[in-house]
Amino acid sequence: KVHNDVWMLHLKPILQGNKPPTWERLSAKGKGCAPNDRAGTASISYKGRMLVFGGVKDNEEAHHKLKSVFFNDLFAFDMERFKWYPMRANNKAAGKGKGRRRKKEDET
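Residues numbered from 1 in each chain as written. Predicted model: local features only at pLDDT ≥ 70, side-chain atom pairs only at ≥ 80, totals over all residues. Heavy atoms only, no water.

Q: Which parts of the structure should I look at to understand the packing of aromatic side chains?
A: Aromatic ring pairs are described here by two measures, namely the spacing of the ring centres and the angle between the planes. Taken as a whole, this structure holds two aromatic pairs when the rule is applied. Ring geometry for Phe77 and Phe82: centres 6.4 Å apart, planes at 50 degrees, overall tilted. When the ring of Phe77 is compared with that of Trp84, the centres are 4.8 Å apart and the planes differ by 50 degrees; the resulting orientation is tilted. Here the two residues Phe77 and Trp84 agree in accessibility, since each one is buried. (Phe/Tyr/Trp six-rings, centres within 6.5 Å; stacked < 30°, edge-to-face > 60°. Buried < 20%, exposed > 50% of the residue type's maximum accessible area, 1.4 Å probe, protein only.)

Below you can see the structure in the form of structure tokens.
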């Protein structure tokens, strides 16, 4: 079974005293363009947003055969507005910079 619920852990009670952190269940899908149901995502919290990458959804077919769909997408969940946004990775910087320069074949 694949779950689509989202939970937020509030750590401020720890900073404000000796209170335990609290959990808040957010809307199952939230507002905006939420990712479809999946498992095995990678996520991180960054600047008030939760970034969610990839994942997999397994569909069971006849004779217990699994057909897996792997995702290569990125979503951001704004934790103040409780809204999902699809993201696009910018690949313009790939290959640029001060990395090592490869020698040409005639430079050996």
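Q: What is the right way to look at a nonpolar patch on the surface in this model?
A: Judged by side-chain polarity, Trp7, Leu9, Leu11, Ile14 and Trp23 come together as a nonpolar surface patch covering roughly 550 Å² of accessible area. Relative to the helices and strands, Leu11 is located in the loop between strand S1 (6-10) and helix H1 (12-15). When its relative accessible area of 46% is taken as the criterion, Leu11 is described as partly exposed. (Patch = residues over 30% accessible without salt bridge, like charges linked within 9 Å, V, L, I, M, F, W, Y side chains within 5 Å. Areas by Shrake-Rupley, 256 points an atom, 1.4 Å probe, with all protein chains shown as cover. Salt bridge = Lys/Arg side-chain N within 4 Å of Asp/Glu carboxyl O. Helix = DSSP H or I, 4+ residues; strand = E, 2+ residues; numbered from the N terminus.)

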